[in-house]
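Analysis of the macromolecular model
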Amino acid sequence: MLKPFFDFIEKFATDFTWKRLVILIGLVMLTGAVLFLYEAQTATSQLTKYERAVSIIKEIESLKINNKESTKVVEHIYSGLAKITEPQSSPATFNTNVSPELKQALLAAAPWLLFCLFFIPGYFKGKDDAPSIIGGTLALSFIMGIGGYFIPVEWGSWVGFGVYPFGVNLLIFIMLMWYGNRKSA
């Protein structure tokens, strides 16, 4: 099960290139950023804390507390749960005031910006096609971002965050592949 992972590490160590290192660091940073933004938007770990706190409170309520020591322990548990479930207790949570239009624009432009990142090493190595590919992907990301920004929020999040960014980007990608195959044939 872990063989592909160890094969990757071995190949990375034996056939080291700066391009692989940059791509690996970029993918790790991208994964971290996506997980961070996911947690910031959904507060999944915070909701898990609330769920655990509620189950502990249910268990405490079912106990019969007769003496002062038990009452003191229960008070400490309640105060600990109050500290744990405070909204700002986790350093990973932050409040962003990004407008939905800007979120739509970033989501629509993101695939082309990521695609552009893969050709930046080729640009610095002096490959002939790299500048035009980088320019084209930046232009497409700008166009898609502008389109995503001007989609009315009233149309619903399934249009602004689903149909437009994924559908139109997929359609553009298919058209570019078709055009490239037709031109090479």
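The structure this text deals with has already been given above.
The notes below deal with the structure included here. Here the structure is a predicted model, which means the values were calculated and not measured. (Residues numbered from 1 in each chain as written. Predicted model: local features only at pLDDT ≥ 70, side-chain atom pairs only at ≥ 80, totals over all residues. Heavy atoms only, no water.)

**Observations regarding the overall build of the protein**
Counting secondary structure elements, the protein contains 8 helices and 0 strands. Put simply, the protein runs from its N terminus to its C terminus through helices and strands in the order α-α-α-α-α-α-α-α. Against the 2.2 N^0.38 benchmark of 16 Å for 185 residues, the protein shows a C-alpha radius of gyration of 25 Å, more extended than a compact globule. Along the first, second and third principal axes, the C-alpha atoms of the protein reach 85 × 55 × 25 Å. Burial statistics for the protein: of 185 residues in total, 19% are counted as buried. For the protein, long-range pairs separated by at least 24 residues make up 62% of all intrachain contacts whose partners lie at least 6 apart in sequence. Accessible surface computed for the protein: about 14000 Å², of which carbon and sulfur atoms make up 70%. Positive and negative charge centroids in the protein, built from 16 and 14 side chains respectively, lie 5 Å apart. (Helix = DSSP H or I, 4+ residues; strand = E, 2+ residues; numbered from the N terminus. Rg over C-alpha atoms; globule rule 2.2 N^0.38 Å. Buried < 20%, exposed > 50% of the residue type's maximum accessible area, 1.4 Å probe, protein only. Contact = heavy atoms within 4.5 Å. Areas by Shrake-Rupley, 256 points an atom, 1.4 Å probe, with all protein chains shown as cover. Lys, Arg positive; Asp, Glu negative; His and termini not counted. Charge placed at Lys NZ, Arg CZ, Asp CG, Glu CD.)

**Some points on the nonpolar core**
Residues Ala 108, Trp 112, Leu 140, Met 144, Ile 151, Val 159, Tyr 164 and Ile 172 constitute the largest nonpolar core, which totals 8 residues. For this core, the secondary-structure elements that each account for two or more residues are helix H5 (100-117), helix H7 (130-149) and helix H8 (157-184). Here this core gets 3 residues from one element, more than from any other, and that element is H8. (Core = buried A, V, L, I, M, F, W, Y, C linked by side-chain atoms within 4.5 Å.)

**Let's talk about the packing of aromatic side chains**
Per the counting criterion, the structure on display carries 4 aromatic pairs. Aromatic pair Trp 112 and Phe 115: ring centres 6.3 Å apart, planes at 90°, arrangement edge-to-face. One end of the pair, Trp 112, and the other, Phe 115, are both in helix H5, 3 residues apart, so they sit about a helical turn from each other. Judged by relative accessible area, Trp 112 falls into the buried class, the value being 5%. Summarising the aromatic geometry, the rings of Phe 115 and Phe 119 are spaced 5.3 Å apart at their centres and angled 65° between planes, so their arrangement reads as edge-to-face. Residue classification places Phe 115 among the partly exposed positions, given a relative accessible area of 34%. (Phe/Tyr/Trp six-rings, centres within 6.5 Å; stacked < 30°, edge-to-face > 60°.)

**Topic: the environment of Leu 176**
Looking at the secondary structure, you find Leu 176 in helix H8. We classify Leu 176 as partly exposed; its relative accessible area is 42%. Those residues within four positions of Leu 176 in sequence are excluded, and the remaining contacts are Trp 112 and Leu 140.

**A short note on the pattern of salt bridges**
Tallying each qualifying case throughout the model produces 1 salt bridge. In this structure, Lys 3 engages Asp 7 in a salt bridge whose closest nitrogen and oxygen atoms are separated by 3.3 Å. Of this pair, Lys 3 and Asp 7 are both found in helix H1 (residues 3-14), 4 residues apart, which corresponds to roughly one turn of the helix. In this structure Lys 3 comes out as exposed when scored by relative accessible area, which is 55%. (Salt bridge = Lys/Arg side-chain N within 4 Å of Asp/Glu carboxyl O.)

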